[in-house]
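Overview (structure and organization)
Here is what each chain is made of, one letter per residue.
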Amino acid sequence: MSVRSPRRPLAALAGGLALLAAAACGSASTGASGGSFASAPGDRPRVLAAFYPLEWVSRRVGGADVELATLTSPGVEPHDLELTPRQIADIEQADLIVYLKGVQPAVDEAVAEHAADRSFDVAAAVTTLPATGADPHGEEEGHEGEEAHEEVGYDPHLWLDPSRFATVATKLGERLAQADAPHAAGFRSRAAAAAAELNAVDKELSDGLRTCASRTIVTSHAAFGYLADRYRLKQVGISGIDPESEPSPARLAEVAKVAKQEKVTTIFTEELVNPKVAEVLATEVGAKTAVLNPIESRPATGDYLSATRDNLAHLRTALGCT
């Protein structure tokens, strides 16, 4: 039984993007700074973000001093991304690739092969959490995305903790500043402003979720480990970290048992995942459904910050927060 909705074909990046020569920057494993960008004098360095949250933070920090593009089109589940030849060429020619190892195996492979010295691995900028939430009764052969998470050993959905994402903004600003000295002050200033925004929304979440009747959230897939860890919630994922993994009957029975025992009133679904399984589970346990956005893709309206605040509102209603 599939829990996924049909995806729109991935659109290739628009043609005619400026070609920039490769240059040695920092190590992908440490996120450290390296040499200057290779852009010609007067040209803006080309920054390529792997998917929406990284695009958001790159735009906030880079501002008008970079030429920014993204690999993952709006409405496309990032884990599903398959790179076109044009996108691989973009990775080869960009000055900096901002990616998160463990989310998109195709991007991980292309970066390792073509841009290891021109990449900023967001996961290396913060302390990560271990990958948890997989279905122990799932199919033996697994799924490519789940295998990628197991290989890196951590949960990659770190942008769902705004305090960690603030650290990412600061370190990305420093990386850009050291690689492009003439615009260093702008990068550092915008990074500080982005970190302040993220720390402010972190405080809103902390205050809004401090006193709640329940602290258990049942989600379509286990993408909310950082949110749960930061705000003292208990996440119960129907599927594992990869939304493509299908829950076994044993897993569904286990989740239903927990939901009943803990009097869960809401089963959370996602915009990019077929809600059928969550809706059936909600009917079985006498709960309703609501959307909790993992913010993996650009919201139809608003941005990362507004989507985070929408999540807070939905959580407060579901958990009976005062």
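Note: the structure precedes this text.
Bear in mind the structure is a predicted one, so any value in this text is a computation, not a measurement. (Residues numbered from 1 in each chain as written. Predicted model: local features only at pLDDT ≥ 70, side-chain atom pairs only at ≥ 80, totals over all residues. Heavy atoms only, no water.)

1. Brief notes about the overall build of the protein
What counts here: The helix and strand labels rest on DSSP assignments: H or I over at least four residues marks a helix, E over at least two residues marks a strand, and numbering proceeds from the N terminus. For the exposure calls, accessible area comes from a 1.4 Å probe over protein chains only, and a residue counts as buried if that area is under 20% of its type's maximum, exposed if over 50%, partly exposed in between. The contact definition used throughout considers only heavy atoms, calling two residues in contact when any of these lie within 4.5 Å. Surface exposure here means Shrake-Rupley accessible area, sampled with a 1.4 Å probe, where a residue is shielded only by the protein chains that are shown.
What the protein contains, in helices and strands, is ten helices and ten strands. Within the protein, buried positions represent 54% of all 322 residues. Within the protein, counting contacts between residues at least 6 apart in sequence, those at least 24 apart form 68% of the total. Within the structure as shown, the protein displays about 13300 Å² of accessible surface, and the carbon and sulfur contribution to it stands at 52%.

2. Some words on unusual backbone geometry
In most cases, non-glycine residues show a negative phi, while peptide bonds are predominantly trans. Located in the positive-phi region is arginine 232, a residue other than glycine, with phi close to 60°. Here arginine 232 is to be found in the loop between α7 (225-230) and β8 (234-239). By relative accessible area, arginine 232 is classed as exposed at 52%. The backbone of lysine 263 sits at a positive phi, close to 50°, despite the residue not being glycine. Topologically, lysine 263 is positioned in the loop between α8 (249-261) and β9 (266-269).

3. Digging into the state of the cysteines
The cut-off we apply is this: Pairs of cysteine sulfur atoms within 2.5 Å are what we label disulfides.
For the structure shown, the criterion picks out one disulfide. Between the sulfur of cysteine 212 and that of cysteine 321 lies a disulfide, 2.0 Å long from S to S. Judged by the torsion about the S-S bond (95°), the cysteine 212/cysteine 321 disulfide is right-handed. One end of the pair, cysteine 212, is in the loop between α6 (184-208) and β7 (216-221); the other, cysteine 321, is in the segment after α10 (304-319), with 109 residues separating them in the sequence. Classification of cysteine 321 as buried rests on a relative accessible area of 12%.

4. Description of the packing of aromatic side chains
In plain terms, the rule: Put simply, two rings from Phe, Tyr or Trp (the six-membered ring, in Trp's case) pair if the centres are within 6.5 Å, and we call them stacked under 30 degrees between planes, edge-to-face over 60, tilted for the rest.
In the structure shown here, the tally under the stated rule is four aromatic pairs. When the ring of tryptophan 56 is compared with that of phenylalanine 165, the centres are 6.3 Å apart and the planes differ by 20°; the resulting orientation is stacked. Pair noted here: tryptophan 56 is in helix α1 (residues 52-62) and phenylalanine 165 is in helix α5 (residues 162-179), with a separation of 109 residues, a long-range link. Geometrically, the ring pair formed by phenylalanine 165 and tyrosine 304 is tilted, given 5.3 Å between the ring centres and 50° between the ring planes.

5. A word on the packing of α1 against α6
Which entries qualify depends on this criterion: The axes used here are C-alpha line fits, helices contributing only the stretch in contact, and every angle between their N-to-C directions lies in the interval 0 to 180 degrees. The scheme is simple: roughly parallel for angles under 35 degrees, roughly antiparallel for over 145, roughly perpendicular for 65 to 115, oblique for anything else. Under the grouping applied here, Gly and all other residues not named as nonpolar or charged are polar, the nonpolar ones being Ala, Val, Leu, Ile, Met, Phe, Trp, Tyr, Cys and Pro and the charged ones Asp, Glu, Lys and Arg.
Direction vectors running N to C along α1 and α6 enclose 130°, while the axes themselves pass 7 Å from each other. Viewed along their axes, α1 and α6 adopt a mutual orientation that is oblique. On α6, the residues that touch Trp56, Arg60, Val61 and Gly62 of α1 are Phe187, Arg190, Ala191, Ala194, Glu197 and Leu198. Classifying every residue of the contact of α1 with α6 by side-chain character gives six nonpolar, one polar and three charged.

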